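# Overview (structure and organization)
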Amino acid sequence: MMTEDTKRIFVVCSDLMFSAGIREVGISQGVSLEFINSEEKFDEALEKFRASLFMSDLHHHKLGGETAGELVKKLKASQKNKEALTIAWGKHTEPELLKSAVQAGFDKVVPRSLFVKEMPEFIRQAASRI
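Presented here is a report on the structure given in the accompanying data block. (Residues numbered from 1 in each chain as written. Predicted model: local features only at pLDDT ≥ 70, side-chain atom pairs only at ≥ 80, totals over all residues. Heavy atoms only, no water.)

## Quick look at the overall build of the protein chain
Each helix and strand in the protein chain was counted, giving 5 helices and 5 strands. When the elements of the protein chain are put in sequence order from the N terminus, they spell out β-α-β-α-β-α-β-α-β-α. In terms of overall size, the protein chain behaves like a compact globule, its C-alpha atoms giving a radius of gyration of 13 Å where 130 residues would be expected to give roughly 14 Å. Evaluated residue by residue, the protein chain yields a buried proportion of 45% over its 130 residues. Counting only contacts in the protein chain whose residues sit at least 6 apart along the sequence, the fraction spanning at least 24 positions is 69%. Surface accessibility of the protein chain: about 7,000 Å² in total, with carbon and sulfur atoms responsible for 51%. (Helix = DSSP H or I, 4+ residues; strand = E, 2+ residues; numbered from the N terminus. Rg over C-alpha atoms; globule rule 2.2 N^0.38 Å. Buried < 20%, exposed > 50% of the residue type's maximum accessible area, 1.4 Å probe, protein only. Contact = heavy atoms within 4.5 Å. Areas by Shrake-Rupley, 256 points an atom, 1.4 Å probe, with all protein chains shown as cover.)

As structure tokens, then:
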């Protein structure tokens, strides 16, 4: 039975290939993933679980851009989730978007190509904190 202290990795990602890769690494590390596709689901996850990692695609059709910044602020303001590592990724051709994610409070913001390479390590680190 899951309690509210069950730790999860929160994921905002609409890219099917990225989602599949994240899911595969998560399963191999034995961590529970919470894929989030709306602000309501994010709020529910914040209430229900303890996040060890929050990964966000800055190009998500609903939760990207400024909304991603609002989500990270909400997560950092949450007493039980403020310790979560937060990572965002976006296209390297949009430096302003990447910079705005840093300003919003993400711990690490990387271009998509780097995210693909480093994602397994991000998940391994989060798994070790669970």
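## Looking at helix α3 (residues 65-77)
In an α-helix, one full turn covers 3.6 residues, which means residues spaced three or four apart are oriented alike. With 13 residues, α3 should cover 18 Å at 1.5 Å per step; its first-to-last C-alpha distance of 19 Å lies within 8% of that length. Inspection of α3 places Ala68, Gly69, Leu71, Val72 and Leu75 among the buried residues, and these make up the whole buried set. For α3, the arc enclosing every buried residue in end-on projection is 160°, short of the 170-degree limit, so these residues lie on one face. In α3, the exposed positions that point more than 90 degrees away from the buried face belong to Glu66 and Ala77. (Expected span 1.5 Å × (residues − 1). Arc of directions from axis to C-beta.)

## A short note on the nonpolar core
Counting 22 residues, the largest nonpolar core has Phe10, Ile36, Phe42, Phe54, Leu58, Leu75 and Phe106 as its most contacted members. Of all elements in the fold, only β1 (7-12), α2 (39-48), β3 (50-57), α3 and α4 (95-104) reach the threshold of two or more residues within this core. Those residues in contact with phenylalanine 10 that lie beyond four places of it in its chain are Glu34, Ile36, Phe42, Ala45, Leu46, Phe49, Ala51, Leu53, Phe54, Met55 and Leu75. Counting 20 residues, the second-largest nonpolar core is a separate cluster that includes Ile9, Val25, Leu33 and Met119. (Core = buried A, V, L, I, M, F, W, Y, C linked by side-chain atoms within 4.5 Å.)

## Here we look at the packing of aromatic side chains
Under the criterion given, the structure shown has 7 aromatic pairs. Aromatic pair phenylalanine 54 and phenylalanine 106: ring centres 5.9 Å apart, planes at 25°, arrangement stacked. With phenylalanine 54 in strand β3 and phenylalanine 106 in the loop between α4 and β5 (108-111), this pair connects stretches of sequence that are 52 residues apart. Three or more aromatic residues joined by ring pairs form one cluster here, namely Phe10, Phe42, Phe54 and Phe106. Lying across the ring of phenylalanine 49, arginine 8 places its NZ or CZ 4.0 Å from the centre. The ring centre of phenylalanine 18 lies 4.6 Å from the NZ or CZ of arginine 112, which sits over that ring. (Phe/Tyr/Trp six-rings, centres within 6.5 Å; stacked < 30°, edge-to-face > 60°. Lys NZ or Arg CZ within 6 Å of the ring centre and 35° of its normal.)

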